[in-house]
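Examination of the molecular architecture
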Amino acid sequence: MKIILLGPPGSGKGTQGELIEERYGFPKYSSGDILRQVAKENTPLGKKVAEVMKKGELVDDEIVIQLIKEKISRKEGKQGYILDGFPRNLNQAKKLEAMIETSKEIVFDIQLSEEDIIERLSDRLICPECKAVYSSKDWRKNEKKTCKKCHVKLIQREDDKPEVIRERLKVYQGQTKPLIAYYKAKKNYYPIDGSGSIEQVFDKICLVLDRELMFSEGEAVLK
Ligand code: AMP
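Residues numbered from 1 in each chain as written. Predicted model: local features only at pLDDT ≥ 70, side-chain atom pairs only at ≥ 80, totals over all residues. Heavy atoms only, no water.

1. Looking at the overall build of the protein chain
Across its full length, the protein chain holds ten helices and seven strands. The globule rule puts the C-alpha radius of gyration for 223 residues at 17 Å, and the 17 Å found for the protein chain is close to it. The C-alpha extent of the protein chain, read off along each of the three principal axes, is 45 × 40 × 30 Å. Burial analysis of the protein chain (223 residues in total) assigns 48% to the buried set. (Helix = DSSP H or I, 4+ residues; strand = E, 2+ residues; numbered from the N terminus. Rg over C-alpha atoms; globule rule 2.2 N^0.38 Å. Buried < 20%, exposed > 50% of the residue type's maximum accessible area, 1.4 Å probe, protein only.)

Rendered as structure tokens:
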């Protein structure tokens, strides 16, 4: 089973992807996390990727597709995997389709209003070590603003600054949103209201996944 998480920045794809990984055991591949790792390297590629990400634009398709291809061909993803942030445009979606064998593909489109997106992104902090995301509700409870797991100080993502958020939203509207029509035209497209709590959104996803898994033989077993 291949699970694709669509949705604007800040809609909760990463958080929901982690919960799906934990409950169903499929590995999650986040193109954003993979690219942030590449951007840290002091290489021509790392520098190029860092420059693009800083502006909130999309990294070249060829680079991202190659990185994702390496991940999904690993044996731990044999039973399925979760893609968070990939595909981001029509070309990537078509390339992904050419990579995916016949196994079932499920697309969750986590929807959120622009107002909510801006509020969530400008207020969230992340752990620089484990990449856990903390909403303002979470980090305000914690005076030291440190990660619960790694105990290091939480930081704001460079591309969560207001001017970059605006660019990321523009990119989403222009390049990623057309993917909705593309996947709607296929089977297994599920729009999900992303405005509820993490648990409410996850419950909706589980309803779909539990049903899909029940009817697909030889796939992962529920934990
Ligand atoms: P994310 O963590 O998914 O919000 O992604 C952060 C940034 O990484 C984006 O603003 C892009 O610059 C880059 N990025 C992530 N996924 C992709 C992708 N599939 N294609 C191109 N660029 C991407």
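2. Digging into the domain arrangement of the protein chain
Under the domain assignment, the protein chain is made up of domain 1 (2–112 + 161–222) and domain 2 (113–156). Placing a centre on the C-alpha atoms of domain 1 and another on those of domain 2 gives a separation of 21 Å. Listed per partner, the contact involves 16 residues of domain 1 and eleven residues of domain 2. Its largest share of buried area at the contact with domain 2, domain 1 owes to Leu112, Ile165 and Leu169, together 41% of the area lost on that side. Our count for the domain 1 to domain 2 interface comes out at zero salt bridges. (Domains from an automatic or database assignment. Contact = heavy atoms within 4.5 Å. Buried area = accessible area lost by both parts, 1.4 Å probe. Salt bridge = Lys/Arg side-chain N within 4 Å of Asp/Glu carboxyl O.)

3. Notes on the packing of helix H2 (residues 31–40) against helix H4 (residues 61–72)
In the contact formed by H2 and H4, the axes pass within 11 Å of each other and the chain directions differ by 110°. Relative to H4, the element H2 is oriented roughly perpendicular. Contacts from Ser31, Ile34, Leu35 and Val38 in H2 reach Val64, Leu67, Ile68 and Lys71 in H4. Here the contact of H2 with H4 is composed, by residue class, of six nonpolar, one polar and one charged. (Axes fitted to C-alpha atoms, helices over the stretch in contact; angles between N-to-C directions. Parallel < 35°, antiparallel > 145°, perpendicular 65-115°, else oblique. Nonpolar A, V, L, I, M, F, W, Y, C, P; charged D, E, K, R; others polar.)

4. Describing the pattern of salt bridges
Applying the stated rule across the entire model yields twelve salt bridges. As a salt-bridge pair, Glu97 and Lys186 come within 2.3 Å of each other at their nearest N and O atoms. With Glu97 in helix H5 (residues 90–99) and Lys186 in the loop between helix H9 (178–184) and strand E7 (189–193), this pair connects stretches of sequence that are 89 residues apart. Given a relative accessible area of 37%, Glu97 falls into the partly exposed group. When salt bridges that share partners are traced, they join Arg124, Arg157, Asp159, Asp160 and Arg168 into one network.

5. Thoughts on the nonpolar core
Burial of nonpolar side chains together is a common tendency in soluble globular proteins. Membership of the largest hydrophobic core comes to 29 residues, with the highest contact counts inside it found for Val59, Ile72, Leu83 and Tyr183. Here this core gets six residues from one element, more than from any other, and that element is H4. Residues within four places of Val59 in sequence aside, it is in contact with Leu35, Val49, Val52, Met53 and Val64. Tyr24, Phe26, Ile192 and Ile205 belong to the second-largest nonpolar core, a separate cluster that totals 18 residues. (Core = buried A, V, L, I, M, F, W, Y, C linked by side-chain atoms within 4.5 Å.)

6. Concerning the side chain of Gln92
When you line up the elements, Gln92 lands in helix H5. Gln92 gets classed as buried once you look at its relative accessible area, which sits at 2%. In this structure the side chain of Gln92 is engaged in a polar contact, spanning 3.0 Å, whose partner is the side chain of Asp61. (Polar contact = N/O pair within 3.5 Å; in protein donor to acceptor, adjacent residues only side chain to side chain.)

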